[in-house]
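Structural overview for review
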Amino acid sequence: FPVTINGAEAELRSIAHAVICNAVEASPPLGIIQVRLQKHENHIELTVSDQGQGLSAAMLANLFQPHISSKAEGAGMGLYLCRRLLQRYYDGDISIQNIAKDPSDGLENSSEVSGCLAKITFGVLA
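Residues numbered from 1 in each chain as written. Predicted model: local features only at pLDDT ≥ 70, side-chain atom pairs only at ≥ 80, totals over all residues. Heavy atoms only, no water.

Structural notes on the overall build of the protein chain
The line we're drawing: By the criteria applied, helices consist of DSSP H or I runs no shorter than four residues and strands consist of E runs no shorter than two, each listed in order from the N terminus. Categorising residues by exposure relies on relative accessible area from a 1.4 Å probe, with only protein chains included: less than 20% of the type maximum marks a residue as buried, more than 50% marks it as exposed, and the intermediate range marks it as partly exposed. Contact definition: two residues touch when any of their heavy atoms are within 4.5 Å. For the accessible areas, the method is Shrake-Rupley and the probe is 1.4 Å, while residue cover comes only from the protein chains on display.
Scanning the protein chain for helices and strands turns up three helices and four strands. Listed N to C, the secondary structure of the protein chain is α-β-β-α-α-β-β in terms of helices and strands. Relative to its full complement of 126 residues, the protein chain shows a buried share of 25%. The long-range fraction of contacts in the protein chain, counting pairs at least 24 apart against all pairs at least 6 apart in sequence, stands at 58%. Here the protein chain displays about 8000 Å² of accessible surface, and carbon together with sulfur accounts for 51% of that area.

See below:
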């Protein structure tokens, strides 16, 4: 089924680019990136998950502040700008959380991380 989001192409591209590129960069070679787009009654949700090592608690707490990056060459502006665009123009938001490994996988420590999940919501529907 078609999903339409009214907005500026450059802004929407920037939002998607920020989370998808982060997922690709965080994942190991041949890692799987899952991208899902779902239309709900009053919003649209884009989720992106990766198979990276996850983020520290300190990084998660400050992730959407300007100039915060876990990358040596990162400027730390991608997620900050992403959130600003979503909140200002799309009645939306973004959240990122670590994905806990499946406790049924036989690991004794089920608190281990197996990547991150970015969830973007767009409240402005066509």
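Describing helix 1 (residues 9-26)
Within an α-helix, residues lying three or four positions from one another point in the same direction, as the helix has 3.6 residues per turn. Selection criterion: What a helix is expected to span follows from its residue count: subtract one and scale by 1.5 Å.
Here helix 1 spans 26 Å end to end across 18 residues, near enough to the 26 Å set by a 1.5 Å rise per residue. When helix 1 is considered as a whole, its buried residues turn out to be I15, A18, V19 and A23.

Considerations on the confidence of the model for the protein chain
Defined as follows: Confidence of the prediction at every residue is given by pLDDT, a number between 0 and 100.
Looking at the protein chain, pLDDT values average 86 and 83% of them are 70 or higher. Within the protein chain, no element has a lower average pLDDT than helix 2 (residues 57-62), which sits at 88, and none a higher one than strand 2 (residues 44-49), at 96. Counted against residues more than four places away or in other chains, residues 106-110, with its pLDDT under 50, gives five contacts.

Quick notes on helix 3 (residues 78-89)
Note the threshold: Summarising the geometry, the arc corresponds to the directions from the helix axis toward the C-beta atoms.
Helix length check: helix 3, at twelve residues, gives a terminal C-alpha distance of 16 Å against a target of 16 Å (1.5 Å per residue), a fit within 8%. Within helix 3, the full set of buried residues consists of L79, C82, L85 and L86. Projected onto a plane normal to the axis of helix 3, the buried residues spread over an arc of 125° and lie on a single side. D91 sits one or two residues past helix 3 and shows a positive phi near 45°.

Structural notes on the packing of aromatic side chains
The cut-off we apply is this: Each Phe, Tyr or Trp ring, with Trp reduced to its six-membered ring, pairs with another whose centre is within 6.5 Å; inter-plane angles below 30 degrees give stacked pairs, above 60 give edge-to-face pairs, and intermediate values give tilted ones.
Scanning the model with the defined rule gives one aromatic pair in all. Ring centres 5.9 Å apart and planes at 85° place the aromatic pair Y90 and F122 in the edge-to-face group. Note that Y90 is positioned in the loop between helix 3 and strand 3 (93-100) and F122 in strand 4 (residues 113-122), a separation of 32 residues in sequence. Judged by relative accessible area, which is 1%, Y90 ranks as buried.

Quick look at the pattern of salt bridges
Put simply, the rule reads: The salt bridge criterion pairs a side-chain nitrogen of Lys or Arg with a carboxyl oxygen of Asp or Glu, the two atoms within 4 Å.
Counted by the stated rule, this structure contains two salt bridges. When the shortest N-O distance is used, the salt bridge between R13 and E9 registers 2.1 Å. Taken as a pair, R13 and E9 lie in helix 1 at a separation of four residues, close to a single helical turn. Under the relative-accessibility criterion, E9 is labelled exposed at 55%. Close ionic contact of D93 with R83 constitutes a salt bridge, the shortest N to O distance being 2.9 Å. You can see D93 sitting in strand 3 and its partner R83 sitting in helix 3, a full ten residues away along the chain. Using a relative accessible area of 27% as the deciding quantity, one classes D93 as partly exposed.

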